[in-house]
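Each chain is listed here by its residues.
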Amino acid sequence: FQVVAPVCRVGTRVSATVDESVVLLTEPMLLKRKGEEAEGPKAAPPPSKAKTKATAKATATATAAAPRAPSPARDERRRTRKTYDAPRRREPAARAQQFRGAKGSLKKKRNREEKKATVEEVPPVKIGASVGVQELGEKLGKSGTEIVKTLMLKVGVLASVTERVDAATAKAVCEAYGRECVDEEEDVAVVEEEEEDEASLASRAPVVTIMGHVDHGKTSLLDAIRNTRVAEGEAGGITQGIGAYSVEVEGSKRVTFIDTPGHAAFRDMRARGANVTDVVVLVVAADDGVKEQTVDSIACAKTAGVPVVVAVNKMDVDGADPGKVEAELMSYDLVPEELGGETMLARVSAKEGAGLDDLLEKIMLQAELLELKANPHREASGVVVEASVEKGLGVVATTLVQRGTLRIGDCFAAGTAWGKVRALFDDKGAPVTEAGPSTAVRVVGWQSGADRAPAAGELLAAAPDEQTARKLADARHAIASEQRAARLRAATQRQFSRFVTSVGGDVPKEERPYYVVVKADCAGSVEALASSFQNLDVEDDVSKVKAEIVFSGVGDVTKSDVAVASVSDADVVAFNVGANAAAIEEERRLSGSVGILYYDVVYAALDDLELKMRRVLSPTPDGDLVGTAIVKQLFDIGKLGKVAGCGVESGYIRRGANFRVMDGDRIKHQGKLRTLRNVKTDVDRVDAGQDCGLSFQGYEDYAVGDLIECYDS
Ligand SMILES: Nc1nc2c(ncn2[C@@H]2O[C@H](COP(=O)(O)OP(=O)(O)OP(=O)(O)O)[C@@H](O)[C@H]2O)c(=O)[nH]1
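Residues numbered from 1 in each chain as written. Predicted model: local features only at pLDDT ≥ 70, side-chain atom pairs only at ≥ 80, totals over all residues. Heavy atoms only, no water.

Naming follows an unreviewed UniProt entry, where the protein appears as Translation initiation factor IF-2, chloroplastic of Chrysophaeum taylorii. According to the UniProt record, the Sequence similarities (unreviewed entry) comment for the protein is "Belongs to the TRAFAC class translation factor GTPase superfamily. Classic translation factor GTPase family. IF-2 subfamily." In UniProt, the protein has this text filed under Subcellular location (unreviewed entry): "Plastid, Chloroplast". (UniProt positions renumbered as here; feature names shortened; annotations may be inferred.)

In structure tokens:
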């Protein structure tokens, strides 16, 4: 279609080629098929851009993300709105009106001016981080139900009047009504991106992330540097969780290390580690050389633009070959200084504590080149690197302060969590009263509860008071809850549309979710498990199963976790946590429909989940196996399509039962029959020893020799 007349009530004109879905999104309008003569007046040249649903949403999102001032997008919208009153090319009808007399013209002009005044008086709609559907309706002068309809038809979001939508969605709704919207003022301290005054900046310690292949000695190296024994006692021998520690070097100078785990399951966490760090120490075992995760770590550092210092570890081991490691590294653009390149490299043994001073010196040298500075005299902001729930303290989050100084009594928000600093502990567990830039501290005083513990990587920002911190966190929480509900709704919708499709007879390769609720001891583990699970999928010829996380959080499994799992038909993964008595009782009450699965090693959780997904992939159809038939011949019968001529081998076959087509052990199809005939008569049932012709709903890919299984109850 081509839009040839004003499309929005506010009067903006659109003249562009759009698809039908966009046509549905607009106000009443005049349309013509491309190439046909338009009915009604000819369109004026386009003063404004045509917006597809996607661009409208993108604009809304961009607006939501943009800083409040100055906003070219907003200016553009204002400019566009003004075009409503801009002089237009005269239409033939308007020209005729001109000759009807000056009086008419004057009256029209006055009308236009009145209208102009009215339009300009409509204030922009103020949108906060989220808004209730009903409230949005009130802001726009529409009923809640109308907003629900607009959300569904024009924005593609399903929400009821009692639900909340995020700012981008609300803005898309406003745009659908041609209304301008602005960000509601929020008196929350957010990290400002403006340049700091040079005079206020002071040198800060480098933040270093240790990366490398599994078992190359990352934990041991960090351990040797800080002279403690973290590596011992880790479940499964893999570092699980992320910690940050500061060490003193060269007298008063400090280096802050972020300890990141090496297994690929922690890819995302590690990627974020690189983003908060100034220098990456790449650990490569001298006896093993560059491996898959070494390469991955190099890529990670490169993407984040972080310089790499190489630690060739395990120099004490027989067979250590640092020369080989160095040669291998060169093919990844890490050319050691000794060989004329720019990469600093130290040969070390974490086990014997050898070469550590050289490594630290090279880290400091690299840091000096970066001239790292921050303003310690402003309100604090930083990144949460780890969060857990501790008895008597509630949520405790290891936070790396990046700018400003965090003090006891400061209010703050991080993600959906907020609090007021009650206590700060340094990496050795000693209480401190404040933490400046590049310092890792454990923050106590989170008030939003264990359910809303901050996720690793969440930005923590100080707020002027408790009310502001709470307001921001609550708004984010409302959005997160709504997004979770939307995901559940989308899953239900998908299931429904699959059902409709299958009833219609056309059964595509079915995609089925395997739902999990994830509970873990700390945010890092939740994050790592969630990202690993999301990459899990298994498929066969008939269907595909993908893991979907319905809820995740820190702490023991509670009754409400089991309840969430039961409504969404999920299993609960408890990683390094237990389940409280009420949860276990609830699990028992649901008698096996929800399983709480306990793990303390990531690999085990992944393997187990994959197995469970395989079971979801190929469940036996409902009912008992009551009969089997062998496909002997195939017939092409015009309208009926391909019919399988079968001999019933055992039991019986009933038309309304559930069927499975097997090629040996391979499940080819599961579904219902379309026709069942004995000779030329439609029948309901065929018994063992008889022949029959059958066809399936939406499936014809059977072959001679396939076994048809019939399940009936
Ligand atoms: N001989 C020798 N063994 C070492 C050295 N460094 C680490 N190891 C051993 O190598 C194994 C793995 O060390 P970790 O420090 O756990 O390795 P990691 O890279 O942190 O491993 P993940 O956390 O699983 O990724 C342990 O058995 C260590 O004792 C070293 O310098 N020399």
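Along the chain, the position of lysine 362 falls in helix α13 (residues 356-370). Once you skip the residues sitting within four places of it in the chain, lysine 362 turns out to touch Val309, Glu338, Met344, Leu345 and Ala346. (Helix = DSSP H or I, 4+ residues; strand = E, 2+ residues; numbered from the N terminus. Contact = heavy atoms within 4.5 Å.)

Next up on the list: the sheet that holds strand β13 (residues 344-347). In space, the six strands of this open sheet follow the order β9-β10-β8-β11-β12-β13, with mixed pairing throughout. Because the sheet does not close on itself, it has two edges, and the strands there are β9 (243-249) and β13. Going across the sheet, the axis of each strand differs from the next one's by a mean of 25 degrees, ignoring polarity. Sheet topology note: the strand β8 (residues 207-212)/strand β10 (residues 253-259) ladder contains four bridges and is parallel. Looking across to β10, one finds that valine 207 is bridged to threonine 256. On the sheet, helix α12 (residues 322-330) packs against β11 (279-285), β12 (308-313) and β13 and is oriented at approximately 160 degrees with respect to β13. (Pairing = 2+ DSSP bridges. Axes fitted to C-alpha atoms, helices over the stretch in contact; angles between N-to-C directions.)

The axes of two packed helices give the description: the angle between them and the distance between them. Where helix α7 (residues 144-155) contacts helix α8 (residues 167-176), the two axes come as close as 10 Å, and the packing angle between them is 95 degrees. One way to sum up the angle between α7 and α8 is to call them roughly perpendicular. Along the contact surface, α7 presents Ile147, Thr150, Leu151, Lys154 and Val155, while α8 presents Thr169, Ala172, Val173 and Ala176. (Parallel < 35°, antiparallel > 145°, perpendicular 65-115°, else oblique.)

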